[in-house]
Amino acid sequence: MLKSFKPDEYVNSVFEVDYEKLYAAGFRGLIFDIDNTLVYQDEDSTPEVEALFERLRLVGFKTVILSNNSEERVRRFAKKVSSPYLSGAHKPLKSGYERALSILGVGREQAVFLGDRLLTDILGARRCGIRCILVEYIKTDGEKPDMIRRLEGHLYKRKTE
């Protein structure tokens, strides 16, 4: 069961991913969570994130935002990064991930999911057979992890032993 929570890779930030290497390996679609993956919870896009999405397009990637958040919040963010999106995705249910693959026009073997939550993001991608990268969640200085984050930390430690 713990395999369901095991990411293929772990990075401190979406800016650390070697996207060119992923593209060379045959990946063509990137599925991103927003909150605490690309920006802090409920924040708007940043110039750095917008530049990242532009770079990804230049590499040749298609992108889609997959979020459990509201239509208004996700639409506003996706517009800034010029990416299609799915809001209210009900992660970790498979349906959102499958719709994201359809939007990208790629098979699961050509997609990578990037998110900060083991219990939603990684579990859902794993259930769909999509390569997944766990991103260290973005937090404010001195922020204490909530109960779910502490549980995820325990799961992550156990699955890596």
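Attention here is on the structure that accompanies the text. (Residues numbered from 1 in each chain as written. Predicted model: local features only at pLDDT ≥ 70, side-chain atom pairs only at ≥ 80, totals over all residues. Heavy atoms only, no water.)

**Some thoughts on helix H3 (residues 71-81)**
Next up, step 1: Among the residues making up H3, those that are buried are Arg 73, Val 74, Phe 77, Ala 78 and Val 81. On an axial view of H3, the arc spanned by its buried residues comes to 120 degrees, and they lie on one face. Seen from the open side of H3, the exposed residues pointing more than 90 degrees away from its buried face are Glu 72 and Lys 79.
Next up, step 2: Check the buried side of H3 and you find it contacts helix H2 (47-59), strand S3 (62-66) and strand S4 (85-86).
Next up, step 3: Of the residues flanking the end of H3, it is Ser 82, one or two places downstream, whose phi is positive at about 55 degrees. (Buried < 20%, exposed > 50% of the residue type's maximum accessible area, 1.4 Å probe, protein only. Helix = DSSP H or I, 4+ residues; strand = E, 2+ residues; numbered from the N terminus. Arc of directions from axis to C-beta. Contact = heavy atoms within 4.5 Å.)

**What to know about the environment of Phe 32**
Next up, step 1: Mapped onto the secondary structure, Phe 32 falls in strand S2 (residues 29-32).
Next up, step 2: Note: C-alpha distance between Phe 32 and Ala 100 (68 residues apart in sequence) is 9.9 Å.
Next up, step 3: Excluding residues that lie within four positions of it along the chain, Phe 32 makes contacts with Val 14, Tyr 19, Leu 38, Phe 53, Leu 56, Thr 63, Val 64, Ile 65, Leu 66, Phe 113 and Leu 114.

**Focus on the sheet that holds S2**
Next up, step 1: Across the sheet, which stays open at both edges, the 6 strands sit in the order S1-S6-S5-S2-S3-S4 with parallel pairing between neighbours. Two strands bound the open sheet, and with one partner strand each, they are strand S1 (9-11) and S4.
Next up, step 2: Both S1 and strand S6 (residues 131-135) contribute to a ladder of 3 bridges, which runs parallel. Directly across from Glu 9, in S6, lies its bridge partner Ile 133.
Next up, step 3: Each of strand S5 (111-115) and S6 is contacted by helix H5 (residues 118-128), which is oriented at about 165 degrees to S6, the strand it contacts most. (Pairing = 2+ DSSP bridges. Axes fitted to C-alpha atoms, helices over the stretch in contact; angles between N-to-C directions.)

**Things to note about the pattern of salt bridges**
Next up, step 1: Inspection of the entire model under this criterion finds 10 salt bridges.
Next up, step 2: A salt bridge links Arg 76 to Asp 44; its shortest N-O distance comes to 2.8 Å. Of the two residues, Arg 76 is situated in helix H3 and Asp 44 in the loop between S2 and H2; the sequence distance between them amounts to 32 residues.
Next up, step 3: A salt bridge links Arg 75 to Glu 71, with the shortest nitrogen-to-oxygen separation between them at 3.5 Å. Taken together, the residues Arg 75 and Glu 71, both in helix H3 and 4 residues apart, mark about one turn of the helix.
Next up, step 4: Linked through salt bridges whose partners overlap, the residues forming this network are Asp 33, Lys 91 and Asp 121. (Salt bridge = Lys/Arg side-chain N within 4 Å of Asp/Glu carboxyl O.)

**Structural notes on the packing of aromatic side chains**
Next up, step 1: Per the stated rule, a full pass over the model turns up 3 aromatic pairs.
Next up, step 2: Considering the side-chain rings of Tyr 23 and Phe 61, the 5.3 Å spacing of their centres and the 85 degrees angle between planes classify their relative orientation as edge-to-face. Note that Tyr 23 is positioned in helix H1 (residues 19-24) and Phe 61 in the loop between H2 and S3, a separation of 38 residues in sequence.
Next up, step 3: Classification of Tyr 23 as partly exposed rests on a relative accessible area of 25%.
Next up, step 4: Ring geometry for Tyr 97 and Phe 113: centres 5.4 Å apart, planes at 55 degrees, overall tilted. (Phe/Tyr/Trp six-rings, centres within 6.5 Å; stacked < 30°, edge-to-face > 60°.)

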